Structure formats: structure tokens, C-alpha cells
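# Survey of secondary and tertiary structure
The chain contents come next:
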There are 2 protein chains.
Amino acid sequence: MKTLVEPTLNLPEPNAHNHQQCVHDALKTAEHLCSERGVQLTSIRHQVLELIWESHKAVKAYELLDRIKPLQNAAKPATIYRALDFLIAQGLVHRVESLNAFVGCRCSGHQHEQLLLICKQCEEVEERTAGKVMQALAEEFRQAGFTAHSKAVEVHGLCRRCAGLGEA
Amino acid sequence: MKTLVEPTLNLPEPNAHNHQQCVHDALKTAEHLCSERGVQLTSIRHQVLELIWESHKAVKAYELLDRIKPLQNAAKPATIYRALDFLIAQGLVHRVESLNAFVGCRCSGHQHEQLLLICKQCEEVEERTAGKVMQALAEEFRQAGFTAHSKAVEVHGLCRRCAGLGEA
DNA sequence: AAGCGGATGATATAATATAGCCCATAACCA
DNA sequence: TGGTTATGGGCTATATTATATCATCCGCTT
Ligand SMILES: [Zn+2]
Ligand SMILES: [Zn+2]
Ligand SMILES: [Zn+2]
Ligand SMILES: [Zn+2]
């Protein structure tokens, strides 16, 4: 006997939003920025970026490799890692250290402080600016006499949606 | 011909403190905690912990493997990773995600929020409680509807000493 | 003695990442 | 025109990090 809806399966679209728009925006932004900066968003780099943006999950390098092979028959690990190096340097992609994986940057275009909320359930990564956190960090650095070069904060847990489903 | 002192080399002891005391305390604490908890700080686990505490740098698993071989001839990767799993579970060691390396925990004994300040120069890792940062993070989670399970903040940069030497 | 769980041994392999060398192209310069 | 450099990427190999699986050992309980 079932109720009309099955809550835990009722996920037609992970994280309701127009993802095609997401991807389109990200790629357009990337194209503009690279053009402005006089760097080359080559075919391979573009394809890798597109693959990364297929979802908001962090994606592994070798998964990208598998997925790009139909397009780039000659692709080898270095092919992917070189593209990733470029995309990261341009601030278009973040490396998620705690997963050895990569995710598209939503505030594209410049290196910046970031808070990554990583859901253990749906694996999506939400990027937030978290100004207060960064301020508190800055104060902590001042006390410690530490000169920060990178500030990546990665937190694992459950996103709103997945936590909600868990309770239901 | 030499001057009396060689400033840039004048680092007889990285981060001036009684490190033997450091190590001694860490090991004693570990022994007590494991005993209290009824878990076994076996010979291998003790040795690995001791090796990790040889410095305040984050140390790689295979480096530990090399260094433990004289003591444990049969040591294989799994030997180290198992010991590390145990030590991490007991809150005696932190994994530094952004380095794939491991460092002794100075607030030993319980899982806890941590801010790790990782020096690119001397490679030492300073662990701080950073209450303000954690509070700001908690507020950010509340806004995002995120349920955090792990909160590890890793920041790369220059420690006070190394930044000082750079200026000097 | 038999049975159990935790720890370790032993072997193999998976997963992640980089090194180094070469070649093609395009831009830039003598 | 020809040389030179910079960049991107193919290709091979290898380094580094981590886990899976099954066997064995040991202390403890029944
Ligand atoms: Zn989207
Ligand atoms: Zn989720
Ligand atoms: Zn010390
Ligand atoms: Zn330092």
C-alpha cells in the first residue's frame, strides 16, 4: 500500500533550477574571460569545462578522461590534467582537495576565497562566499602571524534537500 | 671566511620549543586515552604515532612506511594505512587533505573542528581552535540549510617565522 | 578444544598524478 | 626569408597514493 507520492524517490531534477542556463552561462563567461585575458580556451579545454559542468557534483579526473574519449580519441591522463591546470589557473574550476575531484566555479573569473559545502548524499557542491567566515579567518591569521596564500574551506555534510529527505 | 653567525641558516631548532616534551606528552596522552577507551595502541600504531610526531610537519604515508621498515620489516602500505585509520579514528592524528599527508593532533583525544595553518616554506602545520571561524561557519551552514559532519579548514601560506625570514 | 574478534601478514591491484620528450603551429624578430 | 621562441598537446612511461581480499595469528571466552 502506497501513498500518492514517494518522497524519497521524488527527485526528478536534482536541485531544482534551470541547469542548461547554468552551463550556458558558465561557458559564455569562460569564453569572454579567456578572450579578454588573451589565453586560449582551446577545444579540449572547452570540452573539459563542459563535462565538468554536466552537474554540480565534483567530478574525478579519470571520469573526465573516460567521458572525453569519444570526443578526443587520443586523450590520456595528461590531456585532462593539463586542461584542469589551465581551468583552475583561470579561476573557472575549483579543485576539491578532500575528494581529489573538480567542480565548476560559479563566481567565475578570479581566484577567490571559497567555502565549499559538499553533500555526502547527493555529492553536489555548493559554493559560497562566506564573508564572515573569511573575516574571522583573517583575524585568526593576524593573531597567528600567518600569511595566507590559499583559503579553501571544504565542509562535508548533508545539503538542505538531502537532510530534509533524511528526516521525512 | 665566515661571520660568526649565518642568519638564514641559524635555525638549530625549527620553531623554538622543547619538542621532546611535545612528543612525550603526545605519546602519554595517546596511551592514556586508548587505555581508557579499551582500544589497543599496539606496537605498530605506537611506532607510527611516534614517527608522525618526529616533527610538526605533515608526513606522507609512504614516508612513514620507509621509516618504519627498519622496525617492522614486514611493513606494507596497508600496515601504515591501517595504523593511520586507527589513529585518526581516535583523534590522535589529522589527515591533511590538501597534502595527502598526516600530522599529529595537539588537542588530542576527541574529534574536533580544526583550523590547520600549513606553511609552504617550512612545511610545519599549526593547529588552531579558531572559535570565531567555526561560529561564522555554523551561521553560514544555518543559512544554507547545511548539516555539517566534518569541518576541516586548511590554509596554505607562510608561518610567522618563514614570513619574517623572507622580509629580513 | 572450539569459536570469536581484532590485528596483522601477504599479494595484488586500483586510483590519482606527473615527468620528459617530441612535434605542430603561430607569433615574433633579424 | 629564415631563425627563434612560446604554447598546446601527443605519447610513453612512471611516480604516488590508497584499497581489496584472503590468510594467519593471538588472546579471550565458552
Ligand atoms: Zn546548474
Ligand atoms: Zn545533497
Ligand atoms: Zn614540538
Ligand atoms: Zn614556516
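So, a few notes on the structure that sits alongside this text. What you see is a predicted model, and the numbers here were worked out from it, not measured in a lab.

## Looking at the protein's contact with DNA strand C
Contacts to DNA strand C come from 15 residues, most closely from Lys60, Tyr62 and Arg95 of chain A together with Thr42 and Arg82 of chain B. Close to the protein, within 4 Å, the atoms of DNA strand C belong to sugar or phosphate groups at a rate of 49%. Here a phosphate oxygen of DNA strand C and a side-chain polar atom of Asn100 of chain A are 3.5 Å apart. Of all elements in the fold, only helix 4 (77-89) of chain A together with helix 2 (43-52) and helix 4 (77-89) of chain B reach the threshold of two or more residues within the surface near DNA strand C.

## Some thoughts on the relation of the copies chain B and chain A
Once chain B is rotated about the relating axis by 180° and shifted along it by 0.0 Å, it coincides with chain A to within an RMSD of 0.0 Å. What the rotation and shift describe, once combined, is the action of a two-fold rotation axis. Most of the interface of chain B is mirrored in chain A, where 100% of its interface residues are also at the interface.

## Observations regarding the coordination of the zinc ion (ligand 2)
Residues and elements named next belong to chain A. Bound to the zinc ion (ligand 2) on the protein side are Cys119 (SG), Cys122 (SG), Cys159 (SG) and Cys162 (SG), at distances that span 2.2 to 2.3 Å. Angles of 102 to 115° at the metal separate the four donor atoms of the zinc ion (ligand 2), which places the site in the tetrahedral class. All donor residues of the zinc ion (ligand 2) come from one chain, and their arrangement in sequence is C-x2-C-x36-C-x2-C. An identical accessibility class is assigned to Cys159 and Cys162; each is buried.

## Focus: the coordination of the zinc ion (ligand 4)
Residues and elements named next belong to chain B. For the zinc ion (ligand 4), every protein donor is listed as Cys119 (SG), Cys122 (SG), Cys159 (SG) and Cys162 (SG), and the spread of their distances is 2.2 to 2.4 Å. For the zinc ion (ligand 4), the four donor atoms in the first shell make angles of 102 to 115° at the metal, so the coordination geometry reads as tetrahedral. Spacing between the donor residues of the zinc ion (ligand 4) along their common chain follows C-x2-C-x36-C-x2-C. Highlighted residues: Cys119 in strand 3 (residues 114-119) and Cys159 in the loop between strand 5 (147-158) and helix 6 (160-167), separated in sequence by 40 residues. On the basis of relative accessibility, which here comes to 15%, the residue Cys159 falls in the buried class.

## Description of the interface of chain B and chain A
In this complex, chain B contributes 36 residues to the contact, which on the side of chain A involves 36 residues. In total, chain B and chain A occlude about 2,900 Å² of area from one another, counting both sides; carbon and sulfur atoms represent 58% of this. Linking chain B to chain A there are two salt bridges. A salt bridge links Arg128 of chain B to Glu140 of chain A; its shortest N-O distance comes to 2.7 Å. Across the contact surface, chain B and chain A share 16 residue pairs in polar contact (both at pLDDT 80 or more). For the side of chain B that touches chain A, the secondary-structure elements that each account for two or more residues are strand 3, strand 4 (125-128), helix 5 (131-144), strand 5 and helix 6 of chain B.

## Considering the packing of aromatic side chains
Residue and element names in this part refer to chain B. The final tally for this structure, using the stated rule, is four aromatic pairs over all chains. On the numbers, 6.3 Å between centres and 65° between planes, the contact of Tyr62 with Tyr81 is edge-to-face. You can see Tyr62 sitting in helix 3 (residues 61-68) and its partner Tyr81 sitting in helix 4, a full 19 residues away along the chain. In this structure Tyr62 comes out as partly exposed when scored by relative accessible area, which is 47%. Arranged with centres 5.9 Å apart and planes meeting at 45°, the rings of Phe141 and Phe146 form a pair that is tilted. Taking the relative accessible area as the measure of exposure, Phe146 reaches 7% and is therefore buried. If you follow Arg45 out to its NZ or CZ, it ends over the ring of Phe86, 3.9 Å from the centre.

## What about helix 3 (residues 61-68) of chain A?
Residues and elements named next belong to chain A. Among the residues of helix 3, Ala61, Leu64, Leu65 and Ile68 are the ones counted as buried. Take helix 3 and look down its axis: the buried residues cluster within an arc of 105°, on one side only. Of the surrounding elements, those touching the buried residues of helix 3 are helix 2 (43-52), helix 4 and strand 2 (101-104).

## Some details on the protein's contact with DNA strand D
As a structural note, the neighbourhood of DNA strand D is formed by 16 residues, with Thr42 and Arg82 of chain A together with Lys60, Tyr62 and Arg95 of chain B the closest of them. For DNA strand D, the backbone portion of the atoms within 4 Å of the protein, that is sugar and phosphate, comes to 51%. A distance of 2.6 Å is found between a phosphate oxygen of DNA strand D and a side-chain nitrogen or oxygen belonging to Lys60 of chain B. Measuring from a base oxygen of DNA strand D, one finds a side-chain N or O atom of Arg82 of chain B at 3.5 Å. Within the residue set of the surface near DNA strand D, elements represented by two or more residues are helix 2 and helix 4 of chain A together with helix 4 of chain B. For the surface near DNA strand D, the per-class residue count stands at six nonpolar, four polar and six charged.

## Looking at the packing of helix 2 of chain B against helix 4 of chain B
Packed helices, taken two at a time, are described by their axes: the angle between them and the distance between them. Residue and element names in this part refer to chain B. Relative orientation of the contacting elements helix 2 and helix 4 amounts to 80°, with a least axis distance of 9 Å. In terms of orientation, helix 2 lies roughly perpendicular with respect to helix 4. Contact with helix 2, carried on its side by Ile44, Arg45, Val48, Leu49 and Ile52, involves Thr79, Ile80, Ala83, Leu84, Phe86 and Leu87 of helix 4 and no other residues of that element. Of the residues contributing to the contact of helix 2 with helix 4, the split by class is nine nonpolar, one polar and one charged.

What counts, and where the lines are drawn
- Residues numbered from 1 in each chain as written.
- Chains lettered and ligands numbered in written order.
- Predicted model: local features only at pLDDT ≥ 70, side-chain atom pairs only at ≥ 80, totals over all residues.
- Heavy atoms only, no water.
- Near = heavy atom within 4 Å.
- Polar contact = N/O pair within 3.5 Å; in protein donor to acceptor, adjacent residues only side chain to side chain.
- Helix = DSSP H or I, 4+ residues; strand = E, 2+ residues; numbered from the N terminus.
- Least-squares fit on C-alpha atoms with pLDDT ≥ 70 in both.
- Contact = heavy atoms within 4.5 Å.
- Donors = N, O, S within 2.8 Å, 3.2 Å for Na, K, Ca; no water.
- Tetrahedral: all angles 85-135°; square planar, octahedral: opposite > 155°, others 65-115°.
- Buried < 20%, exposed > 50% of the residue type's maximum accessible area, 1.4 Å probe, protein only.
- Buried area = accessible area lost by both parts, 1.4 Å probe.
- Salt bridge = Lys/Arg side-chain N within 4 Å of Asp/Glu carboxyl O.
- Phe/Tyr/Trp six-rings, centres within 6.5 Å; stacked < 30°, edge-to-face > 60°.
- Lys NZ or Arg CZ within 6 Å of the ring centre and 35° of its normal.
- Arc of directions from axis to C-beta.
- Nonpolar A, V, L, I, M, F, W, Y, C, P; charged D, E, K, R; others polar.
- Axes fitted to C-alpha atoms, helices over the stretch in contact; angles between N-to-C directions.
- Parallel < 35°, antiparallel > 145°, perpendicular 65-115°, else oblique.

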